[in-house]
Amino acid sequence: MIVRFRQPLRKHGLSIALPGWGWYVVALAAHTGWGVYPVLGRYLQTVSGLPGMSVLVLGGLPLTIWLCAVVLPRHGWRMYATPILWIFGAVTVMRSITNILSQRYTLAIYVQLIGLLTPFIVVLLNRVVLKERAPRFTLSSLALITLGALLMMSDISAAGMIVTLHQTDWIGIGLALTSSLFLALYMILVRRTTHTAASGVAVLAFQTVLIQLSALGLSLLWGEDWGRWRTLGARDWGVFLAYSLFVVVLANGLQIAAIRRLGAPMVSSLMGWRLVATLGVGVLLLGEHLTSFWQGIGMVLVLSTITWYLSRQP
């Protein structure tokens, strides 16, 4: 997720002194976090056997603790009285729930692949709802990425091209598309609103709490079995800590810092790296990998197109 925040970071302890190239490393580290996110979420649900909503509830604990221990004693609840923050929160809840569920049903790289379509969904929504003119090369870039995605999801032989998706994959991809739609809506709302009294990280903590409460309610409603948490091994706990600390906390913080220094367009132009991170860590943790030369061609096509397209945006 690439979001602009207007508040200065120094007041919240996020000011970092780095050389110019260092900020590109920070941006790539943030994208790496979001790249491994679907891998970690899928591992926790399919290998560790944890219920998806329980992962959302416990995964957000670090930000919840930070909200209660630092933000609220210093600023109180008044900064969250803005209605737009609650709208953001509701959209973020839907985005997070559909995203974590998509990771259970289909490969992590497919979830990430659909996530990379978010900038195009934003453009299309702006065109349909707000009547804004789409940037040049939007449709041609979307067509190339769609072709690349089809290649990654297919098996090509002398008999032709066969899409190698199972029923559960279609469910996961549908949930991932829904998640990307909610993320696109969130990004449009962010761009269309004025700044609020809450800092970027305070907003993230607030939204994390809303996600936790919603996920807890769904978990109780669905009767999820939390007993699996008592039987986790060291590897499972390591993956969970990476999920809750490296992604939920560190990737968010690094992304905000990089955007403040480099700007949202530059940071977003590096989004393709997420797909590389997903593939690399997916091989190690899940054994999920590309199985043919044509799938590799499809990935290169997606990466080159998304990077070129986003790098041209103002």
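Since this is a predicted model, take the numbers as computed values, not measurements. The numbers attached to residues start from 1 for each chain and follow its sequence in the written order. Residue-level local features of this predicted model are given only where pLDDT is at least 70; pairs of side-chain atoms are given and counted only at 80 or more, and the full residue set underlies all totals for whole chains, interfaces and linings. Each side-chain value is derived from all of the structure's non-hydrogen atoms; neither hydrogens nor water enter the calculation.

Asks: So what exactly am I meant to see when it comes to the confidence of the model for the protein chain here?
Replies: Segments scoring low in pLDDT should not have their predicted coordinates read at a detailed level. The score called pLDDT rates the predictor's confidence residue by residue, from a low of 0 to a high of 100. The predicted model of the protein chain has a mean per-residue pLDDT of 85, with 88% of residues at 70 or higher. Ranking the elements of the protein chain by mean pLDDT puts strand E2 (residues 160–163) last with 75 and helix H2 (residues 52–59) first with 96. The contact criterion used is simple: two residues touch if any of their non-hydrogen atoms lie within 4.5 Å. When the criterion is pLDDT under 50, residues 1–14 qualifies, and its contacts beyond four places in sequence or with other chains add up to 45 contacts. Helix and strand labels come from DSSP, where a helix needs a run of H or I of at least four residues and a strand needs a run of E of at least two; each type is numbered from the N terminus.

Asks: Hey, could you run me through the side chain of Gln 212 in this one?
Replies: Structurally, Gln 212 can be placed in helix H9 (residues 200–222). With residues near it in sequence (within four places) discarded, Gln 212 still touches Leu 56, Val 57, Gly 60, Leu 61 and Thr 64.

Asks: Could you clarify how one ought to interpret the layout of surface pockets in this entry?
Replies: If a probe as big as a water molecule is rolled over the atoms, it shows which places are left empty. In this analysis, the protein atoms alone were mapped onto a 1 Å grid. Cavities are point sets where a 1.4 Å probe fits without being able to get out; pockets are open sets with protein on both sides within 12 Å along at least five of seven lines; lining residues have an atom within 4 Å of a point. Grid points are joined across faces, edges and corners, and a volume is the space filled by probe spheres set on the points. In this model, the second largest pocket occupies a volume close to 260 Å³. Lining the second largest pocket are 16 residues; nearest its centre among them are Ile 114, Leu 117, Thr 146, Ala 149 and Met 153. Contributing elements (two or more residues each) for the lining of the second largest pocket: helix H5 (108–115), helix H6 (118–129), helix H7 (138–152) and helix H8 (167–192). For the lining of the second largest pocket, the leading source of residues is H7, giving 5 residues. Tallied by class, the residues present in the lining of the second largest pocket amount to 15 nonpolar, 1 polar and no charged. For this classification, the nonpolar set comprises Ala, Val, Leu, Ile, Met, Phe, Trp, Tyr, Cys and Pro, the charged set comprises Asp, Glu, Lys and Arg, and every other residue, Gly included, is treated as polar.

Asks: Would you mind going over the side chain of Ser 96 with me for this structure?
Replies: Relative to the elements of secondary structure, Ser 96 occurs in helix H4 (residues 83–105). Residues within four places of Ser 96 in sequence aside, it is in contact with Leu 56 and Ile 211.

Asks: Explain helix H13 (residues 293–311) to me, please; I cannot follow it from the model alone.
Replies: Spacing of three or four residues puts side chains on the same side of an α-helix, whose turn is 3.6 residues. Expected span of a helix: the number of residues minus one, times 1.5 Å. Over its 19 residues, H13 runs 27 Å from end to end, which matches the ideal 27 Å to within 8%, given 1.5 Å per residue. Between buried and exposed lies partly exposed: a residue is buried under 20% and exposed over 50% of the maximum accessible area for its type, with that area taken using a 1.4 Å probe on protein chains only. Among the residues of H13, those classed as buried are Gln 295, Gly 298, Met 299, Val 302, Leu 303, Thr 305, Ile 306, Tyr 309 and Leu 310.

Asks: When you look at a nonpolar patch on the surface in this model, what are you seeing that I'm missing?
Replies: Every patch collects residues that have over 30% relative accessible area and no salt bridge, joining them within 9 Å if they carry like charges and within 5 Å if they are nonpolar side chains (Val, Leu, Ile, Met, Phe, Trp, Tyr). For the accessible areas, the method is Shrake-Rupley and the probe is 1.4 Å, while residue cover comes only from the protein chains on display. For this analysis, a salt bridge means a side-chain nitrogen from Lys or Arg found within 4 Å of a carboxyl oxygen belonging to Asp or Glu. On the surface, a cluster of nonpolar side chains totalling about 390 Å² of accessible area is made up of Leu 150, Met 161, Val 163 and Trp 170. Looking at the element boundaries, Met 161 is found in strand E2. Assessed through its relative accessible area of 46%, Met 161 is described here as partly exposed.

Asks: Honestly, the packing of aromatic side chains in this entry has me stumped. Any pointers?
Replies: Given two aromatic rings, their pairing is described by the distance between the two centres and the angle made by the two planes. Only the six-membered ring of Trp is used, alongside the rings of Phe and Tyr, when aromatic pairs are assigned; centres must lie within 6.5 Å, and planes under 30 degrees apart are stacked while those over 60 apart are edge-to-face, with the rest tilted. On inspection of all chains with the given rule, the structure shows 10 aromatic pairs. Ring geometry for Tyr 37 and Tyr 243: centres 5.5 Å apart, planes at 20 degrees, overall stacked. Linking Tyr 37 in helix H1 (residues 20–47) with Tyr 243 in helix H10 (residues 234–262), this pair joins segments that are 206 residues apart in sequence. Summarising the burial analysis for this pair, Tyr 37 and Tyr 243 share the class buried. Note on Trp 86 and Phe 206: the rings are 4.9 Å apart at their centroids and 85 degrees apart in plane angle, and the pair reads as edge-to-face. Of this pair, Trp 86 sits in helix H4 while Phe 206 sits in helix H9, and the two are 120 residues apart along the sequence. A network of ring pairs unites the aromatic residues Trp 34, Tyr 37 and Tyr 243 as a single cluster.

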